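# Coordinates in review
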Amino acid sequence: MGNESCKGIGVSEGIRIAKAFVYRQPVVHEVKSISADCADAEAARFQSAVKNAVQAVEDLIARSANMLDEKQIGILKGQKSILADPAYVPEIEKRIRKQLIPAEQAVKQVTEQFAALFENMPNPYMKERAADVRDAGRRLVQILSGEAGNTLSSIHEKVILVADDLSASDTIQLDRQYVLGFATEKGGKTAHTSIFAKSMGIPAVVGVTDLLDHVHSGDTLILDGENGECIISPDEKTLKIYREKMEKENRQRAILEKFSKQKAVLADGKRMIVAANIGAAKDTDFCLNQGAEAVGLMRTEQIFLSRTSAPTEEEQFKEYKAVAEAFPSSGTGSAIIRTLDIGGDKETSYLSIPKEKNPFLGYRAIRLCLDQKELFLTQLKAILRASAFGNLRIMFPMISGHEELTAAKNMLQEAKSQLDKAGIAYDAKIPVGIMVEIPSAALMARTLAKEVDFFSIGTNDLVQYTLAVDRGNEKISYLYDYFNPAVISLIRHVAQAAHDSHISVGMCGGMAGDPLAIPLLTGLGLDELSMAAGAIPQAKYILSKVNTADCRVLADSIADCTTPQAIRIRAQAFAKEHGLLMDS
Ligand code: PEP
Ligand code: MG
């Protein structure tokens, strides 16, 4: 056996060869009750798990003392004190004995109740303890279900991670030094897990059916993030082919590197802004190295994920200021800071986001911010304060119509007034824009354009909402296509509306970085394309080979196409004709 190939969706390019590390989420076995005779043994099993958990936390503190900051050590110590809390462990044991339920279930029940108690306390410090409780509970369940060695933080050698699914916050915590790539059974091309993988430069394949039935930890794996392929236990011949492909990738990267140093200019001299999508200030250096002329999207939610409480105004200010300083007022580049877009497939334990049946249609982004006003004001003040240190722009996500935009702008005005009262400096002329990612906003573009300084089209959501296709669902990913004529027609309308109102229009969804889409988007009149930093050199290379008139002809020529496939074929023919694809 061996050399078995599994197909999925390639979401972050790159070929990697390494041993597999299979990560399984701990499962609570659905045993509803235990017999009275087993209660003593079950309680003893639980007490031994508690001992192991305390030991594991102590080991972690000792082992990582030099690598963790005070806050992280504080979190671990918090877990340790929860495990010693007289209201926690004894209550779990009581439930095992009195209600005769398995230890895992007793831990889950008590943990949730205990966490809710903390969550409802008015004191912010006590509120934060809810996350410590949940972490302690998770650790106990992992030990009880025998999965303790199977955590993402236990990866200390170079591997390809294989999992059923990874959350967005799992992904941003991956250690790039060890996790060379990952493959999952679930997931879609523009789920945030995939987006974060791409922006972190981690090759990834998602939506691989039954992957976990085929791969075992320790198997050699080839991961092809471009073609969406995983090859398990490859033979020598296959290994040779893929090693050669990796070498070719490296050669192409070297050719493209020189474009990262150049401005994005079309063959006829027309300028286009090629910008980067970032998640945190620490990404700025890499994106500038790759040739970003601006930041077209900072997904600020990354600062909010994988924490136990919301970042303070000061913490956020430092983060945004560091980005602003990379784009000083004396230069032409700027950075768009998008206000918090949490909810959907990005969850936190501390923002009281209820479990919803349709999270992507629910309490997310601007809707959550307009409801949790203090959270929103804190962020707006932090961004405004940072705007005194460089060219920043503010962008609101998920705007669905005029009223929502007015409400968001009123909040911005409130944040400005508070800073004025406190005598704190900010850029009074900071440009304000919106993401156009909901079809209603796209259709209302002419009205909305009168109210803002810029648009940025978010195709990741625009596609899912226009075509009613969940962006994270691998089963219907065949329907998810930004070349769909309905989507292209909305993009065309938004670009025209923006230009008629003399405001700029960019794109920061995944389509903007697709080599095949770039000439079409240029022809549709976009002024800025913002993408994962790694895609920038190739985008500049493509732009250097095309001219405005040809791109417009392409954009006009697809107006009569009735299917995504027909548009894709024209885009491919254009790319071939102009020698845009490096492989051809
Ligand atoms: C988008 O929807 O295209 C976008 C850029 O935002 P996000 O992917 O963060 O939802
Ligand atoms: Mg979006």
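The following paragraphs examine the structure supplied in this document. (Residues numbered from 1 in each chain as written. Chains lettered and ligands numbered in written order. Predicted model: local features only at pLDDT ≥ 70, side-chain atom pairs only at ≥ 80, totals over all residues. Heavy atoms only, no water.)

### Re the overall build of the chain
- The number of helices and strands found in the chain is 23 helices and 16 strands.
- Scaling as 2.2 N^0.38, a compact globule of 584 residues should have a C-alpha radius of gyration of about 25 Å, and the chain matches this with 25 Å.
- Out of the 584 residues in the chain, the part that is buried amounts to 54%.
- Contacts in the chain between residues far apart in sequence, at least 24 positions, make up 69% of those at least 6 positions apart.
- The distance from the centre of the 68 positive side-chain charges to the centre of the 75 negative ones in the chain is 2 Å. (Helix = DSSP H or I, 4+ residues; strand = E, 2+ residues; numbered from the N terminus. Rg over C-alpha atoms; globule rule 2.2 N^0.38 Å. Buried < 20%, exposed > 50% of the residue type's maximum accessible area, 1.4 Å probe, protein only. Contact = heavy atoms within 4.5 Å. Lys, Arg positive; Asp, Glu negative; His and termini not counted. Charge placed at Lys NZ, Arg CZ, Asp CG, Glu CD.)

### With respect to the nonpolar core
- Core analysis: the largest hydrophobic core is formed by 117 residues, its most contacted members being Phe396 and Phe455.
- Excluding anything up to four places from it in sequence, phenylalanine 396 contacts Thr339, Ile366, Phe376, Leu380, Leu405, Ala408, Lys409, Leu412, Val432, Gly433, Ile434 and Met435.
- Core analysis: the next-biggest nonpolar cluster, separate from the first, contains 26 residues, Val110, Ala115, Leu140 and Leu144 among them. (Core = buried A, V, L, I, M, F, W, Y, C linked by side-chain atoms within 4.5 Å.)

### Observations regarding the pairing of strand S8 (residues 229-232)
- Across the two faces of S8 the burial is the same, with Glu229 and Ile231 and Cys230 and Ile232 all buried.
- Alignment of strand S1 (residues 4-7) against S8, held across four bridges, turns out to be antiparallel. Each bridged residue has a counterpart across the sheet, and for cysteine 6 the counterpart in S8 is cysteine 230.
- Linking strand S7 (residues 220-224) to S8, which pair antiparallel, is a turn of four residues; within it glycine 228 sits at a positive phi near 65°. (Pairing = 2+ DSSP bridges.)

### Things to note about the sheet that holds strand S15 (residues 504-507)
- A barrel is described by the order of its strands in space; here eight strands give the closed sequence S9-S10-S11-S12-S13-S14-S15-S16, paired in parallel fashion. Between one strand axis and the next, the sheet turns by 25° as a mean value, whatever way the strands run. (Axes fitted to C-alpha atoms, helices over the stretch in contact; angles between N-to-C directions.)

### A short note on the site of ligand 1
- For ligand 1, the set of nearby residues contains 17 residues, the closest of which are Arg299, Arg338, Gly458, Asn460 and Arg471.
- Within the backbone of threonine 459, one N or O atom sits 3.1 Å away from an oxygen atom of ligand 1.
- In this structure, an oxygen atom belonging to ligand 1 sits 2.8 Å away from a main-chain N or O atom of asparagine 460.
- Of all the secondary-structure elements, those providing two or more residues to the shell around ligand 1 are helix H7 (192-200), strand S10 (295-299) and helix H18 (459-467).
- No other element matches H18, which puts three residues into the shell around ligand 1.
- A breakdown of the residues in the shell around ligand 1 according to their chemical character gives four nonpolar, five polar and eight charged. (Near = heavy atom within 4 Å. Polar contact = N/O pair within 3.5 Å; in protein donor to acceptor, adjacent residues only side chain to side chain. Nonpolar A, V, L, I, M, F, W, Y, C, P; charged D, E, K, R; others polar.)

### As for the packing of H18 against helix H19 (residues 485-500)
- One can describe the packing of H18 onto H19 by two numbers: an axis separation of 10 Å at closest approach and a directional angle of 125°. When the axis of H18 is compared with that of H19, the two are oblique. The chirality of how H18 crosses H19 is right-handed. Residues Thr459, Leu462, Val463, Thr466 and Leu467 of H18 form the contact with H19, whose participating residues are Ala486, Val487, Leu490 and Ile491. (Parallel < 35°, antiparallel > 145°, perpendicular 65-115°, else oblique. Left-handed = near helix turned anticlockwise from the far one by under 90°.)

### Remarks on the environment of glycine 344
- Looking at the secondary structure, you find glycine 344 in the loop between strand S11 (335-338) and helix H13 (365-371).
- In the structure, glycine 344 is positioned 328 residues away from arginine 16 in sequence and 30 Å away in space, judged by C-alpha atoms.
- Not counting chain neighbours up to four residues away, the residues in contact with glycine 344 comprise Pro359, Phe360 and Arg364.

### Details of the coordination of the magnesium ion (ligand 2)
- Around the magnesium ion (ligand 2), the protein contributes the donor atoms Glu437 (OE) and Asp461 (OD), which lie 2.0 to 2.1 Å from the metal centre. Taken together, the residues span a long stretch of sequence, with glutamate 437 in the loop between strand S13 (432-436) and helix H16 (439-443) and aspartate 461 in helix H18 at a distance of 24 residues.
- Classification of glutamate 437 as buried rests on a relative accessible area of 2%.
- Classification of aspartate 461 by relative accessible area gives buried; the value is 2%. (Donors = N, O, S within 2.8 Å, 3.2 Å for Na, K, Ca; no water.)

### Points about helix H14 (residues 373-386)
- With 14 residues, H14 extends 20 Å from end C-alpha to end C-alpha; this agrees with the ideal 20 Å at 1.5 Å per step.
- Of all 14 residues in H14, eleven are buried; the element is thus mostly enclosed.
- When H14 is considered as a whole, its buried residues turn out to be Leu375, Phe376, Leu377, Gln379, Leu380, Lys381, Ala382, Ile383, Leu384, Arg385 and Ala386.
- On its buried face, H14 sits against helix H11 (301-304), helix H12 (313-325), S11, H13, strand S12 (392-396) and helix H15 (402-422). (Expected span 1.5 Å × (residues − 1).)

### Some details on the pairing of strand S14 (residues 454-457)
- A two-sided burial pattern is seen for S14, the buried positions comprising Phe454 and Ser456 on one face and Phe455 and Ile457 on the other.
- Looking at chain direction, S13 and S14 are connected through four bridges and run parallel. Bridging from a neighbouring strand, glycine 433 pairs with phenylalanine 454 of S14.
- In this sheet, S15 lies alongside S14 in parallel orientation, the contact comprising four bridges. Looking at S15, one finds that isoleucine 457 is bridged to methionine 507.

### Describing the side chain of glutamate 437
- Nearest to the buried, unbridged glutamate 437 among oppositely charged side chains is arginine 338, at 4.8 Å.
- Here glutamate 437 is in contact with Pro397, Met398, Gly458, Asp461, Leu462 and Tyr465, once residues within four sequence places are set aside. (Salt bridge = Lys/Arg side-chain N within 4 Å of Asp/Glu carboxyl O.)

### Quick notes on the state of the cysteines
- Taken as a whole and judged by the stated rule, the model has zero disulfides.
- Considering cysteine sulfurs only, cysteine 551 is the nearest to cysteine 561, which forms no disulfide, with 16 Å between them. (Disulfide = S-S within 2.5 Å.)

### Things to note about the packing of aromatic side chains
- The final tally for this structure, using the stated rule, is six aromatic pairs.
- Each ring, one from phenylalanine 114 and one from phenylalanine 118, has its centre 5.4 Å from the other, and the planes form 85°; the classification is edge-to-face. With phenylalanine 114 and phenylalanine 118 both in helix H4 (residues 103-119) and four residues apart, this pair spans about one turn of that helix.
- Using a relative accessible area of 9% as the deciding quantity, one classes phenylalanine 114 as buried.
- In textbook terms, an aromatic cluster arises when at least three aromatic residues are bridged by ring pairs, as seen for Tyr88, Phe114 and Phe118.
- Taking the ring centre of phenylalanine 389 as reference, the NZ or CZ of lysine 321 above it sits at 4.9 Å.
- The ring of phenylalanine 317 carries the charged tip of arginine 385 above its face, separated from the ring centre by 4.1 Å. (Phe/Tyr/Trp six-rings, centres within 6.5 Å; stacked < 30°, edge-to-face > 60°. Lys NZ or Arg CZ within 6 Å of the ring centre and 35° of its normal.)

### Considering the sheet that holds S8
- Taken in spatial order, the eight strands of this open sheet run S1-S8-S7-S3-S4-S5-S6-S2, and their pairing is mixed. Strands at the two margins of the open sheet, each flanked by one partner only, are S1 and strand S2 (9-12). Here the strands of the sheet are splayed against their neighbours by 30° on average, with no regard to which way each runs.
- Set on the sheet, H7 makes contact with S2, strand S5 (179-184) and strand S6 (204-206); between it and S2 the angle comes to about 50°.
- Relative to strand S3 (residues 15-23), helix H9 (residues 236-260) is tilted by about 115°, and along the sheet it contacts S3, S7 and S8.

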